Amino acid sequence: MASIRRLKKDIDYLTFAVIADSLNCLSYGKNTDDISGVVENVVEMRNTLRQRVNAGKCLKAAEKKAHYKEVRKEVMVSVDGAFTKLSELVKKA
């Protein structure tokens, strides 16, 4: 199992990647309200996931692995959804 510290870094890295792509969309003159909504959702997701990672320390040893695996899965689904939303915004002229 990967370390908790590495999981937190991955969450931050992926969140900041979405934010960086959002800023790139702004440079192409896309609607700021739509993009700011994506950024707000991603930051909220990041905070929630970080809290869930920290809450995993209180779980029993047998439950920790499944808990962190579920968090990793949710990170990937959330980030993929955010990138998909940004892609749709870029395609929409």
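For the structure, see preceding data.
What counts, and at which threshold
- Residues numbered from 1 in each chain as written.
- Predicted model: local features only at pLDDT ≥ 70, side-chain atom pairs only at ≥ 80, totals over all residues.
- Heavy atoms only, no water.
- Helix = DSSP H or I, 4+ residues; strand = E, 2+ residues; numbered from the N terminus.
- Buried < 20%, exposed > 50% of the residue type's maximum accessible area, 1.4 Å probe, protein only.
- Contact = heavy atoms within 4.5 Å.
- Areas by Shrake-Rupley, 256 points an atom, 1.4 Å probe, with all protein chains shown as cover.
- Lys, Arg positive; Asp, Glu negative; His and termini not counted.
- Charge placed at Lys NZ, Arg CZ, Asp CG, Glu CD.
- Salt bridge = Lys/Arg side-chain N within 4 Å of Asp/Glu carboxyl O.
- Core = buried A, V, L, I, M, F, W, Y, C linked by side-chain atoms within 4.5 Å.

## Looking at the overall build of the protein chain
(1) Moving on: A count of helical and extended segments in the protein chain gives 3 helices and 0 strands.
(2) Moving on: Starting at the N terminus, the α and β elements of the protein chain follow one another as α-α-α.
(3) Moving on: In terms of overall dimensions, the protein chain has C-alpha extents of about 50 × 20 × 15 Å along its principal axes.
(4) Moving on: Out of the 93 residues in the protein chain, the part that is buried amounts to 27%.
(5) Moving on: Contacts in the protein chain between residues far apart in sequence, at least 24 positions, make up 73% of those at least 6 positions apart.
(6) Moving on: Of the roughly 6,300 Å² that the protein chain leaves accessible, carbon and sulfur atoms contribute 55%.
(7) Moving on: Separation of charge centres in the protein chain, based on 18 positive and 12 negative side chains, amounts to 10 Å.

## Quick notes on the side chain of Thr 15
(1) Moving on: With respect to the helices and strands, the residue Thr 15 is situated in helix H1 (residues 4–27).
(2) Moving on: Once you skip the residues sitting within four places of it in the chain, Thr 15 turns out to touch Val 42, Met 45 and Arg 46.

## Description of the pattern of salt bridges
(1) Moving on: Tallied over the entire structure, the rule returns 4 salt bridges.
(2) Moving on: As a salt-bridge pair, Arg 46 and Asp 12 come within 2.7 Å of each other at their nearest N and O atoms. Within this pair, whereas Arg 46 is found in helix H2 (residues 32–55), its partner Asp 12 is found in helix H1, the two being separated by 34 residues in sequence.
(3) Moving on: Of the charged contacts, one joins Arg 52 and Glu 74 as a salt bridge, the two residues approaching to 2.3 Å between their closest N and O atoms. Taken together, the residues Arg 52 in helix H2 and Glu 74 in helix H3 (residues 61–91) connect sequence positions 22 residues apart.

## Quick notes on the nonpolar core
(1) Moving on: With 18 residues, the main nonpolar core has Ile 11, Val 18, Val 38, Val 71 and Val 75 as its most contacted residues.
(2) Moving on: Here the element with the most residues in this core is H3; it accounts for 7 residues.
(3) Moving on: When residues no more than four places from it in sequence are discounted, the contact partners of Val 38 are Val 18, Ser 22, Ala 82, Lys 85, Leu 86 and Leu 89.

## Structural notes on the environment of Glu 88
(1) Moving on: Mapping Glu 88 onto the fold places it in helix H3.
(2) Moving on: As for Glu 88 and Asn 24, which are separated by 64 residues in sequence, their C-alpha atoms are 14 Å apart.

## Section: the side chain of Asp 12
(1) Moving on: With a relative accessible area of 16%, Asp 12 lands in the buried category.
(2) Moving on: If sequence neighbours within four positions are ignored, Asp 12 has contacts with Arg 46 and Arg 50.

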